[in-house]
Amino acid sequence: MSGNDVLQAVAYFVVLVVLAKPLGLFMARVYEGRPTFISRVLGPVERLFYRLCGIQPEEEMGWKQYALAVLLFSAAGVFVVYLLQRIQGVLPLDPQRFPAVAPDLSFNTAISFVTNTNWQNYGGESTMSYLTQMAALAVQNFASAAAGMAVLVALIRGFKRHSASTIGNFWTDMTRSVVYILLPLSVLYAFLLVSQGVVQSFDKYKTVALIQPVTYETPRLDVHGNPVKDAKGNPVMEKDRVMDQTIPLGPAASQVAIKQLGTNGGGFFNANSAHPLENPTPLSNFLECLAILLIPSALCLTFGDMVGDRRQGWALLIAMLLVLAPLTLVCTKAEQAGNPHFASMGIDQAASALQPGGNMEGKEVRNGIAGSTIWAAWTTAASNGSVNSMHDSYTALGGMIPMLLIQFGEVIFGGVGSGLYGMIIFAIITVFVAGLMVGRTPEYLGKKIEVFEMKMAAFVVLIVNGLIKTGTALAVSTKAGVAGISNPGPHGFSEVLYAFSSFAGNNGSAFAGLNGNSFFYNTIGGVLMFLGRFWVIIPVLAIAGSLAKKKHVPAGLGTLPTHTPLFVIFLIGVIVIVGALAFMPSLALGPIAEMFTH
Amino acid sequence: MSKKEKSKRSLFDPKIIRRALWDSVGKLNPVYQIKNPVMFVVEVGSVLTTALFFHALITGRGEASPGFILQISIWLWITVLFANFAESMAEGRGKAQADALRKTRQDVMAKRLAKPQKDSGISQISSSKLKKGDVVLVEAGDVIPMDGEVIEGVASVNESAITGESAPVIRESGGDRSAVTGGTMVLSDWLVVRVTTNPGETFLDRMISMVEGAKRQKTPNEIALDILLAGLTIVFLLVTATLLPFSIFSVNAAGQGSPVTMTVLVSLLVCLIPTTIGGLLSAIGIAGMDRMIQANVIAMSGRAVEAAGDVDVLLLDKTGTITLGDRQATMFIPAPGVDTHVLADASQLSSLADETPEGRSIVVLAKEKYGLRERDIHALGAHFVEFSAQTRMSGVNMDGREIRKGAADAVEKYIQKEGGTFPAEVRSIVDDVARQGATPLVVAEGKKVLGVIRLNDIVKGGIKERFAEMRRMGIKTIMITGDNPLTAAAVAAEAGVDDFLAQATPETKLKLIREHQAGGRLVAMTGDGTNDAPALAQADVAVAMNTGTQAAKEAGNLVDLDSNPTKLIEIVEIGKQLLMTRGTLTTFSIANDVAKYFAILPAAFISIYPALGALNIMHLATPQSAVLSAVIFNALIIIFLIPLALRGVKYKPLGAQVVLRNNALIYGIGGLIVPFIGIKLIDMLITALHMV
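Visitor: Help me understand the side chain of Asp 593 of chain B, please; the structure alone is not making it clear to me.
Guide: With respect to the helices and strands, Asp 593 of chain B occurs in helix α21 (residues 567-605). In this structure Asp 593 of chain B comes out as buried when scored by relative accessible area, which is 1%. Apart from the residues lying within four places of it in its own chain, the contact partners of Asp 593 of chain B are Leu 581 of chain A together with Phe 236, Cys 271 and Leu 272 of chain B.

Here's what the structure looks like:
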């Protein structure tokens, strides 16, 4: 690992933490309905929206009502996104005349975007019309992110309130998330990205002449599409010469901004942020990467501020950083060390003035090793899933890091809102075990953790784990599942394991080798993404409702403090041990086996 | 049974062990096991591997050698048996005590009275036929047939059957000593008792069922932990179940090796699921109750024991708990112009016939300080004036002298009635004494005030240190007293309590408890009188004294047989210990899994990917020995931890932060390291013995 790699990582982390605090405190004000510096501008927008939709902003909901609102809202989202894809051929803003998207793919995409997963079994520039991109996908980028944040805020209220039967109003929380937080940040980001050269256009794709035409050989095909063979049985080859290139366009900058900020990750183009028109410069790379963790880290401090003890927020943020920072460095080190198979061939892979060194397969030269590995670690730590390099091409260890980060349950930052509520579930489990160790029935933030909370927390841990395991098992033992695997040996297994971790964890990134656009992966993936999202949201809201009902227990000397380094270490221990214990056997058959095989 | 007998019952009494061994086999019944999901999974695994063994033996085409499968399945059965044994051991100790108690619950003939009067007609009736409301006569030598309340008479009663205390106690009608317990014996005199319970619901019955665990229900915290453990078990069930398709796929992908065997999968599963805590959980709970019984406290529910660990606020009666029961005279302070000797002499005379501890202490002080010898009051021809609620004074009339002593306001009223004046100087002495936390007793002769006797509350030795301990544990102590605020404040300061409630009445006590509870705090208190009953019923942890009234005992959820009010502190510690033992063993159990992975994973997959041998960092001899060592370690650790589960993790009154750090180091880090060593040693042993 070069000094430059470390320096870049440090720069990314420092800027992130510096920005997290003001944003976090701003969001706390927003959710508590306190005035902010932009309330005078956006307040009328918020109130207008309530009037238009007939929302009573002060009306309170119980947890069941809240959960029902989340589900209905999301169901409506799935329906609209599905419909728009199916009829995009007859709708405007389709300069490339793309036909309707296939039913199974539409289903998968609809669930994928509504659940904030953004797994993509399609290539954006060759499948989706501009209208679908904007009205279906970008809208869900906002809506799914806001829904996650709303659920988090409801959970925070559960801690904050006592002897209460309600946890807030879903529509108000949604509206505030979008109007005050996601929309202004996205507008700012879109301008920054356009300044770097990210496209924003409604024009048709452009065809330009290549400066250096390319010549290559392809097998000649007969009328049935089968290769024509000569007398010896070898395919007959013919030369092909490419003179020009199609440059895809579209309203990309506006969509890229929210896909990064809202931990969505669904690229405008197929190559996601590896595409030069989606992520053209080192600065755009820095900004987009920063956007991945910006809101998730700031939300920790929002949480601390709202529960009335900012140290609690810092404790969770520090726990997340203490897991992510070392893993980011391990990933960078593994990639900078290069491909072990090349090393044995005597190929120079050291960084020098003339080459970045390391394993550059699947990485963009303008991003380099660190710019790619930091992104890879961050996008999987957060359930973002956008990529600027191909994780499939990483070394065994380098590729295991992103997978492991997903398998920790998407709680190390995780999705906007969803990551932190997942983390709080882990904090509840930690408090339970650690609290027993000090001889008290456990309490977290003044709320006793009892049977109901443990039931729901255990269910959350179980559901994500179970979905990944059973999905992978189904894929590797069925013909349809195995058909999608393109690599032999343990690497092929890693591809499947990664995909199902990504589905259930609502991450959306892929170990690109797997061909996911088949009926099998489209449907099973859709179902898993749905369960991975809502079967977590429901128990989380149930916990919120149950906590809100409880009395507040004041902290005393005998109370286990949950803001101390000791608690942070214990929390990390629980997350890492539960994650590692649950996935070590499967990882042993994938990346670990690959790592030790030279 | 006496206390000596009890302490003799060591942790591993051979008699209890013998019974526990039998019980643990009986508990293999799956209907019983299903209540404990973790151990049920182990039992199912044992059945499965046993079937695999017979399959391998009979067909000769088993997935592994029959010898290996047999050894694995034997150790799995042993794992279940060890867990059963732990539970039986814990239960056994309770059962032994229950047997002893049951002996005292014999059927006796009772003398039922027709009317609630001693001399009304007597009819003989079996004690088991007595009903609530019946009135019986119990005379010297009789066993009291049922729990009841004395309505007439005074008698000394031997209650050693219940309390283990052999000194007889006085039971009399009215007041706070009117409750009698069935099964205890009247030693002298007679009592007329109204039966207050129906057969089968007596205190003794409840005690037997509690110690026996017959009515033992899982406590909320135990259920919550059970859920966490069941959740982990399902996670690991999924981990191991999916390994079969994963390994089949990997065999195809790698083109070599064989899929993981069922035997290894079951072994891996049993090693991963939290068997250590799962197997010991119910033993920990029972042992917690048992430790209460060892401390001579009967818990009316397991919930009360658990809640004791959570107590935030402790209400303690001043008298008897914080101070020695009685106030002692410590000084004579004469009024201006009065010789101290005169005051001491008058004080002694007025107290000669006063049999209260306070009165005796005045006589002792006069003798020690002023050499005044005790005189015979009858020889002096004196007439003793007893304390009465109206005059609130006592004294003596002798040779025309009228000496009175009493509270300042009472004496003042008396002096005024006699036509004298109460000197202002004496008033300031009285206030000074009160401010120092002592009780002033004014002595007057005729219409002249002689001076003040200072009575001090003697704070019990070592009590201040106990309260400091409580403070470190995060528990607030509040002293309850009927004294005036001045006196209360001084005693509170001397004893080192955090707060006090002066001039307490049953209403103010109840109000104080409710206020703390409304603030989310858990309140514990002790009490014995009927007027304590409402407060006891309101408190979260209520310790009733066994000498107390039936009402107090009904209201409490713990009964202290020793009737020692400081017992609360011990009770809190036992409660904390119970929770801590659960927490530490859970941490230990989960931390153990890391080492087991390093033992079993390379063994399971080495035929598919030989490179995974790199994970065999313990250098275990063969794949079979590795799996077997992990399974053996997993079983043995349960046995090794039984003493810890029964005794409980040692509790030291330190802050939560320090306790967590210590326990995390011992049981967390220890839990990571110990199995590496243990598994390696077992592997070396079984390799040396050629077991696989």
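Visitor: Explanation requested: the sheet that holds strand β19 (residues 523-527) of chain B in the structure shown.
Guide: Strands pair in a sheet through their backbones, by hydrogen bonds, and they do so in one of two ways: parallel or antiparallel. Residues and elements named next belong to chain B. Taken in spatial order, the seven strands of this open sheet run β9-β21-β20-β19-β10-β17-β18, and their pairing is mixed. Each end of this open sheet is capped by a strand with a single partner; those strands are β9 (297-299) and β18 (499-501). Put simply, the sheet's adjacent strands are angled 20° from each other on average, direction ignored. Pairing geometry for β9 and strand β21 (residues 558-560), over three bridges, is antiparallel. Residue Ala 299 lies in a different strand from β21, and its bridge partner there is Leu 558. α21 contacts β9, β10 (313-317), β19, β20 (541-545) and β21 of the sheet and is inclined by roughly 160° relative to β10.

Visitor: Is there a simple way to explain the packing of helix α7 (residues 170-196) of chain A against helix α9 (residues 282-306) of chain A in this structure?
Guide: A packed helix pair is summarised by two numbers, namely the angle formed by the two axes and the spacing between the axes. Residues and elements named next belong to chain A. Viewed as axis vectors pointing N to C, α7 and α9 meet at an angle of 165°, and their least axial separation amounts to 10 Å. One element, α7, and the other, α9, form an angle in the roughly antiparallel class. With respect to the hand of their crossing, α7 and α9 are arranged in left-handed fashion. When α7 is examined against α9, the residues Ile 181, Leu 182, Leu 185, Tyr 189, Leu 192, Leu 193 and Gln 196 are found in contact with a partner set consisting of Leu 283, Ser 284, Leu 287, Glu 288, Leu 290, Ala 291 and Ile 295. Class assignment of the residues belonging to the contact of α7 with α9 gives a composition of 11 nonpolar, two polar and one charged.

Visitor: Quick question: what am I supposed to make of the confidence of the model for chain B here?
Guide: All names here are of chain B. Taken residue by residue, chain B gives an average pLDDT of 86. The fraction at 70 or more is 96%. Note on residues 1-8: pLDDT under 50 across the span, and 15 contacts to partners over four residues away in sequence or across chains. Of the two predicted TM-score estimates for the complex, the pTM is 0.85 and the ipTM is 0.91.

Rules and cut-offs
- Residues numbered from 1 in each chain as written.
- Chains lettered and ligands numbered in written order.
- Predicted model: local features only at pLDDT ≥ 70, side-chain atom pairs only at ≥ 80, totals over all residues.
- Heavy atoms only, no water.
- Helix = DSSP H or I, 4+ residues; strand = E, 2+ residues; numbered from the N terminus.
- Buried < 20%, exposed > 50% of the residue type's maximum accessible area, 1.4 Å probe, protein only.
- Contact = heavy atoms within 4.5 Å.
- Pairing = 2+ DSSP bridges.
- Axes fitted to C-alpha atoms, helices over the stretch in contact; angles between N-to-C directions.
- Parallel < 35°, antiparallel > 145°, perpendicular 65-115°, else oblique.
- Left-handed = near helix turned anticlockwise from the far one by under 90°.
- Nonpolar A, V, L, I, M, F, W, Y, C, P; charged D, E, K, R; others polar.
- pLDDT = per-residue confidence, 0-100.

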